[in-house]
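Here's the letter readout for the chains.
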Amino acid sequence: MLALTILALAAATQFTPPIVDLSRSRETRRSVSASANPVSPRDSALMHLERARVAEAAGDLSSAHTEYSKAMWLQRSAGVLPVDASYGAATVLVQLKRHLEAADVLDQLAADANLLGDAETEARVLLDVVAVKSQHHRRAAARQDTLRLRALLCDERLTGDTRRLVRARLS
């Protein structure tokens, strides 16, 4: 069920993110599922996303996770918010029963969205993070994310749909 929620949210939040310099905030980053294999300068994030999707469809979750991680790294390096790659990696981690790592990947995506001022993506990601953390005994962390979600409800950048979704899930 959680994997379906993550996939649905990923589809709903697909967009062309702005190009900004995420490297300026390295001190606020956590290390999340770093790529074990080096990335070639000729590689593109889209190529790794496609490889990850093919591997995931074939049931090769380890390779899918590696490819999603490479895509996340490349997108962050380019200053792009890695929504699809992060949700792909989180979905694979959930399938591998590595729920806390999935929460960490989504936490990083929410932090990146916050840095970019993308309240819409941050709120939607935090909804999933709260669900994962609540189900896997990280209730104190889930409460902190819930407080952030409640603060985001006052943000004028949120759409009415997202505001309703947040209110419905928090009630």
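All figures in this text were calculated on a predicted structure; none of them were measured in a lab.

Peer 1: Which residues make up the nonpolar core, and what values do they have?
Peer 2: The tendency in soluble globular proteins is for nonpolar side chains to be buried side by side. Judged by nonpolar contacts, the single largest core of 38 residues is most densely connected at Y68, V125, L149 and V166. Broken down by secondary-structure element, the contributors of at least two residues to this core are α2 (45-57), α3 (61-77), α4 (83-95), α5 (99-116), α6 (119-135), α7 (139-152) and α8 (160-170). Examining the composition of this core, we find that 8 residues originate from one element, α4, more than from any other. Setting aside its immediate chain neighbours within four residues, Y68 contacts L49, A52, R53, E56, D84, A85, G88, A89 and V92.

Peer 1: So, the environment of H137: which residues are in play, and what are the values?
Peer 2: Within the secondary structure, H137 sits in the loop between α6 and α7. We classify H137 as exposed; its relative accessible area is 69%. Expressed as a C-alpha distance, the spacing of H137 and L100, which sit 37 residues apart in the sequence, is 9.3 Å.

Peer 1: So what's going on with the pattern of salt bridges? Residues and values would help.
Peer 2: In the structure shown here, the tally under the stated rule is 11 salt bridges. Salt-bridge contacts for R148 lead to E122; the nearest nitrogen and oxygen are separated by 2.8 Å. Taken together, the residues span a long stretch of sequence, with R148 in helix α7 and E122 in helix α6 at a distance of 26 residues. Judged by its relative accessible area of 5%, E122 falls in the buried class. Between R157 and D155 there is a salt bridge, with its nearest N and O atoms 2.5 Å apart. On the accessibility criterion, R157 (45% relative accessible area) is partly exposed. Each of D107, K133 and D145 takes part in a single network of salt bridges with overlapping partners.

Peer 1: Tell me what's going on with the packing of α6 against α7, and back it up with residues and numbers.
Peer 2: Between α6 and α7, the shortest axis-to-axis distance is 9 Å and the interhelical angle comes to 155 degrees. For the element pair α6 / α7, the angle class is roughly antiparallel. Where α6 crosses over α7, the two elements pack in a sense that is left-handed. Contacts between α6 and α7 pair A119, E122, A123, L126, L127, V129, V130, K133 and S134 from the former with R139, A141, A142, D145, T146, R148, L149 and L152 from the latter.

Peer 1: Can you break down α4 residue by residue, with the values?
Peer 2: Given 3.6 residues per turn, any residue in an α-helix points the same way as the ones three and four places further on. The end-to-end C-alpha separation of α4 is 18 Å, in line with the 18 Å expected for 13 residues at 1.5 Å each. By the criterion of burial, α4 is predominantly enclosed, with 11 of the 13 residues buried. Restricting attention to buried positions, one finds in α4 the residues V83, A85, S86, Y87, G88, A89, A90, T91, V92, L93 and V94. Downstream of α4 by a residue or two, K97 has a phi angle that is positive, lying close to 65 degrees.

Peer 1: I'd like a rundown of the packing of α2 against α4, residues and numbers included.
Peer 2: Running from amino to carboxyl end, α2 crosses α4 at an angle of 25 degrees, the nearest separation of the two axes being 11 Å. Classified by the interaxial angle, the pair formed by α2 and α4 is roughly parallel. For the pair α2 and α4, the sense of crossing is left-handed. Contact with α2, carried on its side by L49, R53 and E56, involves D84, A85, T91, V92 and Q95 of α4 and no other residues of that element. Broken down by class, the residue content of the contact of α2 with α4 amounts to 3 nonpolar, 2 polar and 3 charged.

Peer 1: Account for the environment of A45, with residues named and values stated.
Peer 2: Tracing the chain through its elements places A45 in helix α2. On a C-alpha basis, the gap between A45 and W73 in space is 8.2 Å, while along the polypeptide they are 28 residues apart. Excluding residues within four positions of it along the chain, A45 makes contact with A71, L74 and Q75.

What counts and what doesn't
- Residues numbered from 1 in each chain as written.
- Predicted model: local features only at pLDDT ≥ 70, side-chain atom pairs only at ≥ 80, totals over all residues.
- Heavy atoms only, no water.
- Core = buried A, V, L, I, M, F, W, Y, C linked by side-chain atoms within 4.5 Å.
- Buried < 20%, exposed > 50% of the residue type's maximum accessible area, 1.4 Å probe, protein only.
- Helix = DSSP H or I, 4+ residues; strand = E, 2+ residues; numbered from the N terminus.
- Contact = heavy atoms within 4.5 Å.
- Salt bridge = Lys/Arg side-chain N within 4 Å of Asp/Glu carboxyl O.
- Axes fitted to C-alpha atoms, helices over the stretch in contact; angles between N-to-C directions.
- Parallel < 35°, antiparallel > 145°, perpendicular 65-115°, else oblique.
- Left-handed = near helix turned anticlockwise from the far one by under 90°.
- Expected span 1.5 Å × (residues − 1).
- Nonpolar A, V, L, I, M, F, W, Y, C, P; charged D, E, K, R; others polar.

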